[in-house]
Amino acid sequence: MKAWMRFIKEEKGIGTVEMILILVVLISLVIIFKSQLTALVNDIFSQITSKSSSIY
């Protein structure tokens, strides 16, 4: 726990504000492209399933 607090208070590297901004951008991108990401993941899993059934 002490190491975590030192990491948060440390002035070097990424600050808290920058980390929050990065998270906000990533979350908003996921929300915007949710349907495309869902379709992509479903397509990948269906390909994995079909190709793994051909192995057995």
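Residues numbered from 1 in each chain as written. Predicted model: local features only at pLDDT ≥ 70, side-chain atom pairs only at ≥ 80, totals over all residues. Heavy atoms only, no water.

With that settled, consider the overall build of the protein. From N to C terminus, the protein includes three helices and zero strands. Helices and strands appear in the protein in the N-to-C order α-α-α. On the principal axes, the C-alpha backbone points of the protein span a range of 55 × 30 × 15 Å. When the accessible area of the protein is evaluated, it comes to approximately 5,500 Å², of which 72% is carbon and sulfur surface. Considering the protein, the positive charge centre built from 6 side chains and the negative charge centre built from 4 side chains are found 9 Å apart. (Helix = DSSP H or I, 4+ residues; strand = E, 2+ residues; numbered from the N terminus. Areas by Shrake-Rupley, 256 points an atom, 1.4 Å probe, with all protein chains shown as cover. Lys, Arg positive; Asp, Glu negative; His and termini not counted. Charge placed at Lys NZ, Arg CZ, Asp CG, Glu CD.)

The next thing to look at is the packing of helix α2 (residues 16–32) against helix α3 (residues 34–55). Put simply, α2 and α3 touch, their axes get as near as 4 Å, and they point 75° apart. When the axes of α2 and α3 are compared, the pair comes out roughly perpendicular. When α2 is examined against α3, the residues Val30, Ile31 and Ile32 are found in contact with a partner set consisting of Lys34, Gln36 and Leu37. A per-class count over the contact of α2 with α3 returns four nonpolar, one polar and one charged. (Axes fitted to C-alpha atoms, helices over the stretch in contact; angles between N-to-C directions. Parallel < 35°, antiparallel > 145°, perpendicular 65-115°, else oblique. Contact = heavy atoms within 4.5 Å. Nonpolar A, V, L, I, M, F, W, Y, C, P; charged D, E, K, R; others polar.)

A separate point is the environment of Ile22. If you trace the backbone, Ile22 turns up in helix α2. Take Ile22: its relative accessible area is 41%, and that puts it in the partly exposed class. Distance in space between the C-alpha atoms of Ile22 and Ile48 is 32 Å, their sequence separation being 26 residues. (Buried < 20%, exposed > 50% of the residue type's maximum accessible area, 1.4 Å probe, protein only.)

For the protein, per-residue confidence averages 86 on the pLDDT scale, and 91% of positions sit at 70 or higher. Here helix α1 (residues 2–9) stands out as the least confident element of the protein, with mean pLDDT 78; α2 is the most confident, with 92. (pLDDT = per-residue confidence, 0-100.)

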